[in-house]
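Residue-level structure breakdown
Chain by chain, the residues:
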Amino acid sequence: MHAVPQLAVSTLLLGGIYALIAVGLTLIFGVMRVVNFAHGEFLMLAMYLAFWSFALLGLDPYVTLVLALPVIFAGGWLSYRLVMGPVIQASHNVQIFTTVGLSIALQNLALVLWTADAQFIRTPYYAVVVRLGGAAFNLAQAVAFLVAVLATAALFAFLRWSYTGKVMRATAQDRQAASLMGIDTGRVYSLTWAVGVTCVGVAGVLLAPVYPVYPTAGLQFVLIAYVAVVLGGLGDMAGAVIASLIVATVEVVGSYVIGTAWKEVLYLLLFIAILLVRPAGLFGQRGAENIGV
Amino acid sequence: MAPALALFGFAALVPLVVRDAFFLDGLILILLWGSVAAAWNVAAGYAGQVSLGHSIFFGLGAYSAALMGTKWNVSPWIAMVVGAALATVMGFVIGFLSNRLRGPYFVLATIAFSQVFLIVGSRWRGFTSGSEGIPVPFRSGFWTLGLVDKRMWVYLMLALAIGLYLIQLYLERSRRGYQLAAVREDEDAALSLGVPARRLKVAAIAVSAALTSVCGTLWAQYVGFVDPFYVFSVDLSVRFALAAVTGGLGTALGPFLGAALITVLETYLRARFGGIGAGLVGIYLIIYGVALILIMRFAPQGLVPWLASLTGRRRVSRATGAAGVAS
């Protein structure tokens, strides 16, 4: 039983970051009905942003985070204008392959610009270990968790109380009715996309001091985000957060019990089991998977 | 029919004149990737089940050839049958499990399945040799599929391609095919008309899986090497989809046209940029990704319907709507 506090802390720290990635993905799906297959590539680009700010300018990733927010947001907005906007009225298939194309292009752009070698950020605090009760954890990971929680909370507050947030939720509920009420859905979509990309971008910068960055670095995290988002109910924000914690629990406890080599299989099997038993997720409307929304 | 006759006729005549290994190799790959894309098209284009996990079936075929050849000295022809049987079973399982899923849900499920295969293939070292991969044994002769002459490979792949073309043509013109099209366009409406939609969808995936596996066996035998990170990757599934989508989802000729275009483009870009520096090999994939985005934007139904609209002829396939119209 001595491992329980450690497992709990590890789960929480991991789950917080997963939640921020999953929330961005599920926001975009909820409002626009698009699964962004390039989500992981935005994460990877943000990690490189943090790496290069550190390597070239000597900026600490946490400073980068504040400075880079507008850049990441603008990048998200631009990618919507150039890539997603033109196909937003098209069929699912067209949108799926458009984001897949974006993912291939960005991944290989990173490969050409920065080679396949893994890069590390060595901040003075990267190896600082904090002991708390029976658990030990990495300081950078704890900071990442705290900022992720703050960012997720900020997003929830924004959606709940701000006018723009309400407009987004209205569009998510019924895009036709929303546009009849005078909502410019085109603007809502570009904003939603940019906000979703910013979420995953923040997560990327936060992960940079803890994990190595390479062109396919986004893949391992985004797969977890897909699992969390489907488990929570595609488009359900609170569901995504809770599901992220569940997935993190499976991963951490699974690694402890059966070893790290097979942990991915665990959550993938969990994913398949959810799709089989309750495809609409824990909280989602039953039958959503059937309409194909 | 006429363009298909011209294309396959050309492929049949080329080896009589050309001996250049590089050129023949390109032709073989076009026919092979076109065939895989056509097999993918059976599930995605005709039955409307866009899968990004088809590399599972390709990998099953490839690993059957490699494992049975190295471990038990079995002929690849037998391995092909075994692989196709395994793929059919997997196709049934995946098709059954994801039967109720549509749109993005289905895509995500297929990706999850293929990741499971990727992990098992790379971690089960005792059986698959893990990430090191397995060389496929080469033993000269037709029964062992050790063909030294590339022209023989051209005719073998051509037979495969024509077979897949005919299967697709059947799906376009037969009663079964019309039923599938009905399921693809509106499953609920099809169900209400008494079409066994659920069963047809599972059957389409199983058939598509078996055909993909056959292509996988031939590919493994031609290339001579199998490794899990290639044959079970999502990238490979995207590649199958790309050829079919570029050419025209749900058209019989589309996958072959798409494969031809992509293979030529890829070969050109590799030759153009590959030599500059090791880091620049990704350039052709950037162009690849951008091309996919542009095709989706400007010709979302693919080349075949687009060319047909250019020439002003309406005699394309009746199943062309899959990419652009259905949603």
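Fair warning: this is a prediction, and the values are worked out from it, not measured in the lab. (Residues numbered from 1 in each chain as written. Chains lettered and ligands numbered in written order. Predicted model: local features only at pLDDT ≥ 70, side-chain atom pairs only at ≥ 80, totals over all residues. Heavy atoms only, no water.)

Moving on, we get to helix α10 (residues 237-258) of chain A. All names here are of chain A. End to end, α10 covers 31 Å across 22 residues, agreeing with the expected 32 Å (1.5 Å per residue, within 8%). Met237, Gly239, Ala240, Ala243, Ser244, Val247, Ala248, Glu251, Val252, Gly254 and Ser255 are the residues of α10 that are buried. Contacts from the buried residues of α10 go to α1 (4-32), α5 (139-161), α9 (217-232) and α11 (263-277). Directly beyond the C-terminal end of α10, a positive phi value near 95° is found at glycine 259. (Helix = DSSP H or I, 4+ residues; strand = E, 2+ residues; numbered from the N terminus. Expected span 1.5 Å × (residues − 1). Buried < 20%, exposed > 50% of the residue type's maximum accessible area, 1.4 Å probe, protein only. Contact = heavy atoms within 4.5 Å.)

The geometry of α11 of chain A relative to helix α5 (residues 103-123) of chain B is characterised by a closest axis approach of 10 Å and an angle of 150° between their N-to-C directions. Judged by the angle between their axes, α11 of chain A and α5 of chain B are roughly antiparallel. Between α11 of chain A and α5 of chain B lies a crossing of left-handed hand. Of the residues in α5 of chain B, those in contact with Glu264, Val265, Leu268, Phe271, Ile272 and Leu275 of chain A of α11 of chain A are Tyr105, Leu108, Ala109, Ala112, Phe113, Gln115, Val116, Ile119 and Arg123 of chain B. Each residue belonging to the contact of α11 of chain A with α5 of chain B can be placed in one class, and the counts come to twelve nonpolar, one polar and two charged. (Axes fitted to C-alpha atoms, helices over the stretch in contact; angles between N-to-C directions. Parallel < 35°, antiparallel > 145°, perpendicular 65-115°, else oblique. Left-handed = near helix turned anticlockwise from the far one by under 90°. Nonpolar A, V, L, I, M, F, W, Y, C, P; charged D, E, K, R; others polar.)

This next bit is on the pairing of strand β2 (residues 135-138) of chain A. All names here are of chain A. Both strand β1 (residues 129-132) and β2 contribute to a ladder of four bridges, which runs antiparallel. Each bridged residue has a counterpart across the sheet, and for valine 129 the counterpart in β2 is asparagine 138. With antiparallel pairing between neighbouring strands as the criterion, β1 and β2 make up a hairpin whose turn holds two residues, including glycine 133 at a positive phi of roughly 60°. (Pairing = 2+ DSSP bridges.)

Residues and elements named next belong to chain B. Taken as a whole and assessed by the stated rule, the structure comprises 18 aromatic pairs over all chains. Ring plane angle 10° and centroid distance 5.6 Å describe the contact between tyrosine 63 and phenylalanine 232, whose orientation is recorded as stacked. Of this pair, tyrosine 63 sits in helix α3 (residues 55-72) while phenylalanine 232 sits in the loop between α11 (228-231) and α12 (234-247), and the two are 169 residues apart along the sequence. When its relative accessible area of 6% is taken as the criterion, tyrosine 63 is described as buried. You can call phenylalanine 232 buried: its relative accessible area is 5%. Between the aromatic rings of tryptophan 153 and tyrosine 222, the centroid separation amounts to 5.0 Å while the plane-to-plane angle is 70°, which identifies the pairing as edge-to-face. Of this pair, tryptophan 153 sits in helix α7 (residues 150-173) while tyrosine 222 sits in helix α10 (residues 197-223), and the two are 69 residues apart along the sequence. Across this residue pair, the class does not change: tryptophan 153 and tyrosine 222 are buried. (Phe/Tyr/Trp six-rings, centres within 6.5 Å; stacked < 30°, edge-to-face > 60°.)

Next up on the list: the confidence of the model for chain B. All names here are of chain B. Mean pLDDT over chain B: 84, with 92% of residues reaching 70 or higher. When the elements of chain B are averaged for pLDDT, helix α6 (residues 125-128) gives the smallest value, 77, and α10 the largest, 93. pLDDT under 50 marks residues 315-327. Its contacts with residues more than four places away, or in other chains, come to 39 contacts. Per the prediction output, this complex has pTM 0.86; the corresponding ipTM is 0.86. (pLDDT = per-residue confidence, 0-100.)

Each partner contributes residues to the interface: chain A has 42 residues there, and chain B has 45 residues. Carbon and sulfur atoms supply 77% of the area buried between chain A and chain B, which totals about 4,000 Å² over both sides. Run the count over chain A and chain B and you get zero salt bridges. Along the contact surface separating chain A from chain B lie zero residue pairs in polar contact (both at pLDDT 80 or more). For the side of chain A that touches chain B, the secondary-structure elements that each account for two or more residues are α3 (61-84), α4 (92-114), α9, α11 and α12 (288-291) of chain A. Within the side of chain A that touches chain B, the residues separate by chemical class into 32 nonpolar, eight polar and two charged. (Buried area = accessible area lost by both parts, 1.4 Å probe. Salt bridge = Lys/Arg side-chain N within 4 Å of Asp/Glu carboxyl O. Polar contact = N/O pair within 3.5 Å; in protein donor to acceptor, adjacent residues only side chain to side chain.)

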